[in-house]
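Residue-level listing of the chains:
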Amino acid sequence: MFGLENATGVEGAVLVIGVVLVEAVLLYLGYGLLERLLGPALVDALRGD
Amino acid sequence: MELFGVALSLLALFAGFGVLIGLLFGFFGMGGSFLVTPALIVMGYDTSVAVASGLAFVFATSVIATLKHRDLGQVDYKLGVLMIAGTTAGIEVGKIGLHWLEGLGLANTVVSVVYIGLLGGIGVFITYTAVRGGGGGISHDAEAEADADDIPEIAKTIQSYRVPPMMRLRGGIRVSLWMILGVAFATGLLSGFLGVGGGFIRMPALFYLIGVPVPIAVGTDLFEIVFSGGIGSFLYAIDGAVDLTIVVPLLAGSALGARLGAAATSIVDEDEIKVYFGVMLLLGAVAVAVREIGGLIDAPVLQLVSLVIILGAAALVSGAVVVSSVRQLRAETTTPTRAPD
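If you're wondering where the values come from, they're calculated on a predicted model, not measured in any experiment.

Peer 1: Tell me what's going on with helix 3 (residues 47–71) of chain B, and back it up with residues and numbers.
Peer 2: Within an α-helix, residues lying three or four positions from one another point in the same direction, as the helix has 3.6 residues per turn. Residues and elements named next belong to chain B. The terminal C-alpha atoms of helix 3, which comprises 25 residues, lie 36 Å apart, in line with the 36 Å expected from a rise of 1.5 Å per residue. Counted residue by residue, helix 3 has 18 buried out of 25 residues, so it is predominantly covered. Note on helix 3: the residue one or two positions beyond its end, Gly 73, has a positive phi of about 70 degrees.

Listed below in structure tokens is the structure:
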């Protein structure tokens, strides 16, 4: 995936773990935005309001 | 149909599995590699790929869960750094003990027995104390001072040893630096000896031995996993063992689950958290025992039974967390506000 199938050594590890870390931060921000936009409506729906 | 050269059905399966694991990870501060690695091995991945990808996934999920707990004020960085220092030293000594047992040819048996005993023992203890404790529990507010009645007796004893320097922790707790390092060393020792991440040891240790409120114990434990998971997955990635086709979709699901799980710690009652955690550990002990028996009598089907128990327990407990959260939200809405006298 992303052309990193054969990434080995310290440089390869930096790239692979870098991709994982960037994905984690992007997902945190992306889901955070979604939570801010949809969270209150979802909580109200769960409360039965 | 494929995406990035991977079947869409496999990506969806991993993403769904990720939501489940993320929920448990965000809620308990443990459970990542405990669930992912055995599942990947049963799916036919090489053990090194399963372990490496599991570690990389745990690292990334702990980053997300820690950021979320930080937003809720549930990470004690000072305690986290001290725990990392003590745990690292403990892991090294634990590894020495493991190598010594390997030399005697007793490592597998001793590690299996200790692992099952520890999982089951902590599970029984937590479930028993939570059920016996009834309602109440420590405040969900991480900034609030911990009520003396809610601090476990062992933690009170440890806090009473006032060997300077004394450290002030979140929740208004004061503990000797040496006591924190001692607890961290002991948890690291077990973690290194058993070859596991140690979230299931560290989280209860922070609460029962140091007296840290449960939500802060979870957040601080996750903060520590960022470092242990990061270093571990980096070392495996050097050998090219981390498979991104596993990690990327798993993470997409777990990022959502971890958010929900972390948010649920602020909604669900403390004693319920402890009961769920205890039940998870008890079923985990049963699953590990079944797997070990399978290896002993050479019955591969028991490996599958073990995985079904683990996944069943995970699905059951995460479902219970979601139901409890929704019930709590609805109870808050329906509870009438008392008029002032």
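Moving on from the model shown.
Peer 1: Go over the interface of chain A and chain B with me, naming the residues and quoting the values.
Peer 2: Taken together, the contacts link 27 residues of chain A with 33 residues of chain B. Counting each side, the surface lost to burial between chain A and chain B is near 2700 Å², with a carbon and sulfur contribution of 74%. Counting every contact that joins chain A to chain B gives two salt bridges. Glu 35 of chain A is the partner of Arg 259 of chain B in a salt bridge, and the nearest nitrogen-oxygen pair spans 2.8 Å. One can count six residue pairs in polar contact (both at pLDDT 80 or more) joining chain A with chain B.

Peer 1: Can you break down the pairing of strand 4 (residues 173–176) of chain B residue by residue, with the values?
Peer 2: Residue and element names in this part refer to chain B. One ladder, built from four bridges, connects strand 3 (residues 166–169) with strand 4; its direction is antiparallel. Residue Leu 169 lies in a different strand from strand 4, and its bridge partner there is Ile 173. In this structure, the hairpin formed by strand 3 and strand 4 is closed by a connection of three residues, where Gly 171 is found at a positive phi of approximately 90 degrees.

Peer 1: How would you sum up the packing of aromatic side chains? Please name residues and give values.
Peer 2: All names here are of chain B. One pass over the structure, following the stated rule, counts four aromatic pairs over all chains. Consider the rings of Phe 207 and Tyr 208, whose centres lie 4.7 Å apart with planes at 75 degrees: the pair is edge-to-face. Residue Phe 207 is classed as buried on the basis of its relative accessible area of 4%. Feature note: the residues Tyr 77, Phe 223 and Phe 227 constitute an aromatic cluster, connected by ring pairs.

Peer 1: Describe the environment of Gly 240 of chain B, naming the residues involved and giving the relevant values.
Peer 2: With respect to the secondary-structure elements, Gly 240 of chain B resides in the loop between helix 9 (214–238) and helix 10 (244–265). Among the residues examined, Gly 240 of chain B registers a relative accessible area of 32% and is labelled partly exposed. Measuring from C-alpha to C-alpha, the distance between Gly 240 of chain B and Val 49 of chain B comes to 8.6 Å, with 191 residues separating the pair along the chain. For Gly 240 of chain B, the contacting residues outside a window of four places in its chain are Ala 7 and Thr 8 of chain A.

Cut-offs used in this document
- Residues numbered from 1 in each chain as written.
- Chains lettered and ligands numbered in written order.
- Predicted model: local features only at pLDDT ≥ 70, side-chain atom pairs only at ≥ 80, totals over all residues.
- Heavy atoms only, no water.
- Helix = DSSP H or I, 4+ residues; strand = E, 2+ residues; numbered from the N terminus.
- Expected span 1.5 Å × (residues − 1).
- Buried < 20%, exposed > 50% of the residue type's maximum accessible area, 1.4 Å probe, protein only.
- Contact = heavy atoms within 4.5 Å.
- Buried area = accessible area lost by both parts, 1.4 Å probe.
- Salt bridge = Lys/Arg side-chain N within 4 Å of Asp/Glu carboxyl O.
- Polar contact = N/O pair within 3.5 Å; in protein donor to acceptor, adjacent residues only side chain to side chain.
- Pairing = 2+ DSSP bridges.
- Phe/Tyr/Trp six-rings, centres within 6.5 Å; stacked < 30°, edge-to-face > 60°.

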